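A closer look at the structure
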Amino acid sequence: MKIAVCINHVPDTETKVKIGPDGKSIDRAGVNFIINPYDEIAVEEALRIKEKQGGEVIALSLGGDTHKETLRKALAMGVDKAVLLKDDAPRDSYSVALALAFALKEISPEIVLFGKQSIDSDDAAIGVMTAEMLGWASVSVVVKLDFAEGNVTAEREIEGGHENVEATLPVVITAQKGLNEPRYPSLKGIMAAKSKPIEEKQAAPASNRAEVVEMRKPAAKGSGKIVGTGADAVPELVRLLHEEAKVI
Amino acid sequence: MMKILAFAEQRDGQLKKNAFEVVVAAKKIVGQTDGEVVALVVGSGVESIAPALGGYGAMRVVVVDDARLKYYSTTAYANIIAEVAKKESASVVMLAATAMGKDVAPRVAVKLEAGLAVDCIALKVEGGDILATRPVYAGKAQTDIKITTPVKIFSLRPNVFTAGTTSGAQASVEKATIPLTDADFVSAVKSVTQATGKIDVAEADVIVSGGRGLKAPENFNIIEELAAALGAAVGASRAVVDAGWRPHDEQVGQTGKTVSPSLYIAVAISGAIQHLAGMSSSKYIVAINKDKDAPIFQVADYGIVGDAFEVVPALTKEIKKLLGK
Ligand SMILES: Cc1cc2nc3c(=O)[nH]c(=O)nc-3n(C[C@H](O)[C@H](O)[C@H](O)COP(=O)(O)OP(=O)(O)OC[C@H]3O[C@@H](n4cnc5c(N)ncnc54)[C@H](O)[C@@H]3O)c2cc1C
Ligand SMILES: Nc1ncnc2c1ncn2[C@@H]1O[C@H](COP(=O)(O)O)[C@@H](O)[C@H]1O
């Protein structure tokens, strides 16, 4: 089975966001970048499918040269091939999806794994968008995945429960936390990844449909108050919630 | 004139609260541009629930009713929404940023050659255009977005736009038939497993969350009791989810759920940056922690410094007293 996995390179969750000089994006100075946490789950699932069914896993990332770091991480975890779709221009989700769809059409995998969401843009859109562009089935926010003859069955998380979904191949799956526990790359894996080549291709040109007018920090909350210490403070807290905040 | 198609989500033949939120938000926008809101209800046996959308500002409701639509299907729903939007010549499609809305919107965007703004927390009209505000980096920053295509799609974060109460007006209902083939069901839900009686943190108006300071999974009973008294959902920090004390779907934060309830009570949670990212847009935050220097107090509106095992049961008792339970 040919399996593809699309991965993004994003600021570490520890990042304290500062707005950059253009007022439209973050200041990248001093920011540590990592593989998008949901994409790490997607890579793990791709490897598990390969281990069960046999085949090949190809990782794709669209971005500048820095994305090679994240592709190396995927190689170290065990993917067979890595492709960098080179482009430094800012892109909206549509524009990323379109470039990925072009590349995936050529690769022609039976299953493509995405993360549920990039923790930078928080769009949670690119996986399903790519599926629509390719005319493929999709299941998003997946916490359990199984294969039957030419089909997948998946559990997707919804508010207060799960939907049990059946879909035909080729299929796009977007991975949610809970699907698996990603492995740590072994020392051998890390060493091997160093010598594996990363194929570089020009990404299909950007064609954004939405533009960022301004980025800012959310209005700071006024510093709250300590109502008191221990159980003695409870009546006053309840009074404030009832009379001042009016939330109970 | 701006015509907005408001997708009104239903599950099990009941309109969701977010359906009313979307209609009211759409109505506000057209009120500033002299336009019209048409609502869309999709499902099986759902015609009777449609007129109620009139009470929130939809003059007309289009209903697509088909036995095969008992459960959600990404491909079929996307086809229906896009076809109805085209028939109605709607220039804007609005829906809720729920599990369903987030899944279907990207497909509708591709079909309508439309730009998409996901999970919006504010919308305003500027020079005849809609400017959408949406959080990024799990709420550590927010952006104003302008869509540059003629057709535009906005998904709205649940619980942020207020639905208010119904005016009692009934909308006129029109049934529409969209031809569906097997190709529309290449991905389809076959059944739904609902955790009975459980309120999801993403939908809850009140959340009580517990952290590692509770020391053991069985101690979450004090959290559950407080949540029950408040009719609240139970949330958790990643530390307790990773420890296997609580299920994944309760995790709040940057790699869990982003929540915006009216009231968020954080018990024995330190307030790590990844946790704060997911809950700091709550309207009111209460922190209960024995460490007066815990970072959670910096975002809390009200704090109690103390031992959770003393404070929480006392709080549950006091709230039951207030609510006459
Ligand atoms: C990539 C990544 C993603 C992450 N994503 C998330 C996320 O989505 N959500 C999330 O929550 N975390 C996330 N984290 C983890 C985060 O960094 C913290 O480790 C975690 O939030 C800590 O959980 P906690 O507050 O329950 O535990 P701790 O930090 O251990 O805090 C426990 C608190 O309990 C208090 N306490 C102890 N005993 C009592 C008592 N008897 N009464 C009252 N208070 C008491 C202590 O004073 C302390 O403040 C992420 C981390 C990484 C690296
Ligand atoms: N630049 C990128 N290159 C490859 N895959 C990406 C890129 N950006 C996002 N993705 C994939 O799309 C998913 C959803 O991203 P988003 O819609 O931006 O939240 C991510 O989890 C990745 O799997």
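Attention in this report is confined to the structure presented alongside it. (Residues numbered from 1 in each chain as written. Chains lettered and ligands numbered in written order. Predicted model: local features only at pLDDT ≥ 70, side-chain atom pairs only at ≥ 80, totals over all residues. Heavy atoms only, no water.)

This next bit is on the interface of chain A and chain B. Listed by partner, the interface residues are 75 residues for chain A and 84 residues for chain B. Between chain A and chain B, the buried area comes to about 6,900 Å², and carbon and sulfur atoms account for 56% of it. Three residues stand out in chain A for area buried against chain B, namely E159, R209 and K221 of chain A, and they jointly supply 12% of the buried area on that side. Applying the counting rule to chain A against chain B returns 8 salt bridges. Put simply, D103 of chain B and R156 of chain A hold a salt bridge, and the shortest N to O gap is 4.0 Å. The tally of links from chain A across to chain B stands at 46 residue pairs in polar contact (both at pLDDT 80 or more). Contributions of two or more residues to the side of chain A that touches chain B are made by helix 1 (37-53), helix 4 (126-134), strand 7 (137-148), strand 8 (151-158), strand 9 (161-168), strand 12 (210-216), strand 13 (225-229) and helix 6 (234-244) of chain A. Inspection of the sheet shows strand 9 of chain A paired to strand 13 (residues 187-194) of chain B by 7 bridges, in the antiparallel sense. From the neighbouring strand, N164 of chain A faces strand 13 of chain B, where its bridge partner is S191 of chain B. (Contact = heavy atoms within 4.5 Å. Buried area = accessible area lost by both parts, 1.4 Å probe. Salt bridge = Lys/Arg side-chain N within 4 Å of Asp/Glu carboxyl O. Polar contact = N/O pair within 3.5 Å; in protein donor to acceptor, adjacent residues only side chain to side chain. Helix = DSSP H or I, 4+ residues; strand = E, 2+ residues; numbered from the N terminus. Pairing = 2+ DSSP bridges.)

Among the 27 residues in the neighbourhood of ligand 1, the closest are listed as S237, T255, S270, Q274 and H275 of chain B. With respect to ligand 1, the chains having nearby residues are chains A and B. Note that a nitrogen atom of ligand 1 is positioned 3.3 Å from one of the backbone N or O atoms of G213 of chain B. Measuring from an oxygen atom of ligand 1, one finds a backbone N or O atom of G256 of chain B at 3.4 Å. Alone, ligand 1 offers 1,000 Å² of accessible surface; in the complex the protein occludes 81% of this. Listed by contribution, the elements that provide at least two residues to the shell around ligand 1 are helix 5 (238-242), helix 6 (273-279) and helix 7 (308-322) of chain B. By residue class, the composition of the shell around ligand 1 is 7 nonpolar, 14 polar and 6 charged. (Near = heavy atom within 4 Å. Areas by Shrake-Rupley, 256 points an atom, 1.4 Å probe, with all protein chains shown as cover. Nonpolar A, V, L, I, M, F, W, Y, C, P; charged D, E, K, R; others polar.)

Residue and element names in this part refer to chain B. Taking strand neighbours across the sheet as the criterion, the 7 strands line up as 7-11-6-1-4-5-12 in an open arrangement whose pairing is parallel. Both edges of this open sheet fall to strand 7 (115-120) and strand 12 (172-175), since each of them pairs with a single strand only. Averaged over all pairs of adjacent strands, the angle between strand axes in this sheet comes to 20°, irrespective of strand direction. Summarising the sheet, strand 1 (residues 3-7) and strand 4 (residues 36-43) pair through 5 bridges and their orientation is parallel. Bridging across to strand 4, F7 finds its partner in L40. Of the strands in this sheet, strand 1, strand 4, strand 6 (92-96) and strand 11 (152-156) are in contact with helix 1 (residues 17-31), which crosses strand 1 at around 170°. (Axes fitted to C-alpha atoms, helices over the stretch in contact; angles between N-to-C directions.)

The strand order across the open sheet built from 10 strands is 11(A)-5(A)-4(A)-1(A)-6(A)-10(A)-7(A)-8(A)-9(A)-13(B), with neighbouring strands paired in mixed fashion. Of all the strands in the sheet, just strand 11 (198-202) of chain A together with strand 13 of chain B have a single pairing partner and so form its edges. When the angles between neighbouring strand axes are averaged without regard to direction, this sheet yields 30°. With 5 bridges joining them, strand 5 (residues 81-86) of chain A and strand 11 of chain A adopt parallel strand pairing. Bridging from a neighbouring strand, L84 of chain A pairs with E200 of chain A of strand 11 of chain A. Each of strand 1 (2-6), strand 4 (56-63), strand 6 (111-115), strand 7 and strand 10 (171-175) of chain A touches helix 1 of chain A; the most contacted strand, strand 6 of chain A, lies at about 155° to it. Here helix 3 (residues 99-111) of chain B sits on the sheet and contacts strand 7 and strand 8 of chain A; the angle it forms with strand 8 of chain A, its principal contact strand, is near 125°.

Moving on to unusual backbone geometry. With an omega dihedral of -5°, the bond running from L169 of chain A to P170 of chain A counts as a cis peptide bond. Position of P170 of chain A among the secondary structure elements: in the loop between strand 9 and strand 10. A positive phi is found at A124 of chain A, a non-glycine position, where the angle reads about 50°. Looking at where A124 of chain A falls in the secondary structure, it is placed in the loop between strand 6 and helix 4. According to the relative accessible area criterion, A124 of chain A is buried, its value standing at 18%. Phi is positive for Y137 of chain B, close to 50°, though the residue is something other than glycine. Structurally, the position occupied by Y137 of chain B is in the loop between strand 9 (129-136) and strand 10 (141-147). Relative accessible area serves as the criterion here: at 12%, Y137 of chain B is assigned to the buried category. (Buried < 20%, exposed > 50% of the residue type's maximum accessible area, 1.4 Å probe, protein only.)

Think of a pair of aromatic rings as described by two things: how far the centres are apart, and how the planes are tilted against each other in angle. Using the criterion set out here, one finds 4 aromatic pairs over all chains in the structure. Measuring from ring centre to ring centre gives 4.1 Å for F20 of chain B and Y56 of chain B, while their planes differ by 25°; the resulting arrangement is stacked. Taken together, the positions of F20 of chain B in helix 1 and Y56 of chain B in the loop between strand 4 and strand 5 (60-65) put the pair 36 residues apart, joining distant regions of the chain. Y56 of chain B shares its class with F20 of chain B; the two are buried. Three or more aromatic residues joined by ring pairs make a cluster, and in this case those are F7, Y72 and Y77 of chain B. Above the plane of the ring of Y94 of chain A lies R209 of chain A, whose end atom (NZ or CZ) is 3.5 Å from the centre. (Phe/Tyr/Trp six-rings, centres within 6.5 Å; stacked < 30°, edge-to-face > 60°. Lys NZ or Arg CZ within 6 Å of the ring centre and 35° of its normal.)

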